Amino acid sequence: MIGVAILGGGFMGAAHAANYARLGERVRVKWVCSRPSERAAKVAESVGAALTLELDDVLRDAQVDVVDVCLPTPLHREASERAFAADKHVFLEKPIALTPEDADAILVAADRSGRLFMVGLVLRFWPEYVELARRLEAGALGQPRAVSTHRLSPPADWNDWMANRNLSGGIAVDLLVHDFDQMNRLLGTPQSVFAREPVPGHVIASVKYDGAEGVAEGSMQMPRSYPFSSSIRVVCDGGAADYVFRAAPAEDGGNIGAVDPSAHGLRLYPAGAAPETIELESVDPWEPEIRYFIECVEDGRPPDQGTGEQARAALLVALAANRSIESGKPEPV
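Residues numbered from 1 in each chain as written. Predicted model: local features only at pLDDT ≥ 70, side-chain atom pairs only at ≥ 80, totals over all residues. Heavy atoms only, no water.

Chemist: Honestly, the pairing of strand β5 (residues 89-93) in this entry has me stumped. Any pointers?
Modeler: Every other side chain in a regular strand lies on the same face of the sheet, so the side chains alternate between the two faces. Burial analysis of β5 places five of its five residues in the buried class, which makes it a mostly covered element. Across four bridges, strand β4 (residues 66-69) lies against β5 in parallel orientation. When the bridges of β5 are listed, V66 appears paired with H89. In terms of handedness, the path from β4 via helix α4 (residues 76-85) over to β5 forms a crossover that is right-handed. Bridge analysis of β5 against strand β6 (residues 117-120) gives four bridges, and the strand direction is parallel. Looking at the pairing, L92 lines up with V119 of β6. In this view, the connection linking β5 to its parallel neighbour β6 by way of helix α5 (residues 100-113) has right-handed handedness. (Buried < 20%, exposed > 50% of the residue type's maximum accessible area, 1.4 Å probe, protein only. Helix = DSSP H or I, 4+ residues; strand = E, 2+ residues; numbered from the N terminus. Pairing = 2+ DSSP bridges. Right-handed = clockwise from strand over helix to strand, strands pointing away.)

Chemist: It is not clear to me how the environment of S230 should be interpreted in this structure. Could you clarify?
Modeler: Within the element layout of this structure, S230 appears in strand β11 (residues 228-236). Since its relative accessible area comes to 2%, S230 is described here as buried. When the C-alpha positions of S230 and P154 are compared, they lie 12 Å apart, and in sequence the two are 76 residues distant. With residues near it in sequence (within four places) discarded, S230 still touches Y129, H150, R151, Y243, V244 and F245. (Contact = heavy atoms within 4.5 Å.)

Chemist: What am I meant to see in the packing of helix α9 (residues 177-187) against helix α11 (residues 308-327) here?
Modeler: The geometry of a pair of packed helices is captured by two quantities: the angle between their axes and the separation between those axes. Packing of α9 against α11 leaves a shortest axis separation of 8 Å and a crossing angle of 115°. Handedness of the crossing formed by α9 with α11: right-handed. Of the residues in α11, those touching α9 at V177, F180, D181 and N184 are Q310, A313, A314, L315, V317, A318 and A321. Taken together, the residues of the contact of α9 with α11 sort by class into eight nonpolar, two polar and one charged. (Axes fitted to C-alpha atoms, helices over the stretch in contact; angles between N-to-C directions. Left-handed = near helix turned anticlockwise from the far one by under 90°. Nonpolar A, V, L, I, M, F, W, Y, C, P; charged D, E, K, R; others polar.)

Chemist: Just to check I follow, could you spell out the packing of helix α1 (residues 11-21) against helix α10 (residues 287-299) for this structure?
Modeler: Packing of α1 against α10 brings their axes to within 9 Å, and their N-to-C directions diverge by 60°. Overall, the two elements α1 and α10 adopt an arrangement that is oblique. With respect to the hand of their crossing, α1 and α10 are arranged in right-handed fashion. Residues H16, N19 and Y20 of α1 lie in contact with α10, whose contacting residues are E287, E289, I290 and I294. A per-class count over the contact of α1 with α10 returns three nonpolar, two polar and two charged. (Parallel < 35°, antiparallel > 145°, perpendicular 65-115°, else oblique.)

Chemist: What exactly am I supposed to notice about the sheet that holds strand β3 (residues 50-52) here?
Modeler: Where strands meet in a sheet, backbone hydrogen bonds hold them as pairs that are either parallel or antiparallel. Judged by pairing direction, the sheet is parallel, and its six strands sit side by side in the order β3-β2-β1-β4-β5-β6 without closing on themselves. Only two strands of the sheet have a single neighbouring strand rather than two, namely β3 and β6. Direction aside, neighbouring strands of the sheet carry axes that sit 20° apart on average. Here α4 sits on the sheet in contact with β1 (2-7), β4, β5 and β6, set at roughly 165° to β5.

Below is the structure:
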């Protein structure tokens with residue numbers, strides 16, 4: 001049985017806890033480390049864990065194999081470094097950090113420890129994105145040339161720090177990092193970014209690749225009545241593909257609640273052939289990534305999805321977008 005401690009008792013900590021519980025006797029969540037709150041107490045109670053404010057309580061526990069970091073981004077480096085120093089595996093929610101220096105320090109700490117490290121780049125485990133990548137890597141539509149995405153949400157109502165760009169990195173770092181990671185996965189090595197913020201909290205970024213380009217739109221300033229919405233469209237030499245997702249806000253906080261049943265299915269449009277809709281089973285988006293990480297721990301094998309290097313590469317695109325917003329011109333990645 002894998003012993004887990006979750007750092008953070010908010011929206012993301014609750015999401016992770018629920019998915020560890022789904023793994024049954026393979027996992028035991030022993031601790032939730034958080035500031036005292038009604039929500040943190042509920043998270044701990046939901047998995048039969050002890051609630052503590054003291055990280056030392058967690059790190060001294062020899063039965064804790066994994067530290068799952070769901071803390072505000074400025075705390076990622078310290079929490080990860082301390083966990084690695086205590087000989088724990090680390091699952092770290094995205095983004096990896098706010099700066100390249102902090103990201104590099106986390107990677108160095110992981111390497112020195114010999115423990116496993118993974119970052120919550122959840123789209124790498126979302127069924128439609130997984131199938132899209134598999135089809136494109138197999139050459140189903142030829143070489144990808146253009147990717148366009150959107151990720152639109154009402155303002156965050158589940159914490160008090162995300163709206164502060166100094167703490168979250170803003171829309172580019174906290175929200176669009178998902179889409180920048182997908183662009184990197186499908187298009188290769190990013191070269192430069194030209195980004196604008198036509199209204200505060202709403203970013204449009206164009207990312208240049210070798211022979212390809214990606215455009216991402218992200219917002220945490222949509223009207224409260226607007227459903228959380230995301231999409232990806234890929235144009236290739238031999239066709240196109242797209243996937244659209246919409247969901248109501250979660251009733252207990254967060255931005256992903258009941259899924260709109262009319263928005264589902266990955267669609268492929270091969271040149272010279274009939275379109276194809278691929279229906280995949282709807283899952284909690286964090287379930288497959290949590291299960292994958294636990295499998296890696298059980299098998300003693302490093303993850304090849306959600307790696308620290310992949311997370312760092314996506315962060316660099318996001319930071320270039322922020323610099324471009326400030327300078328008003330394209331910025332190198």
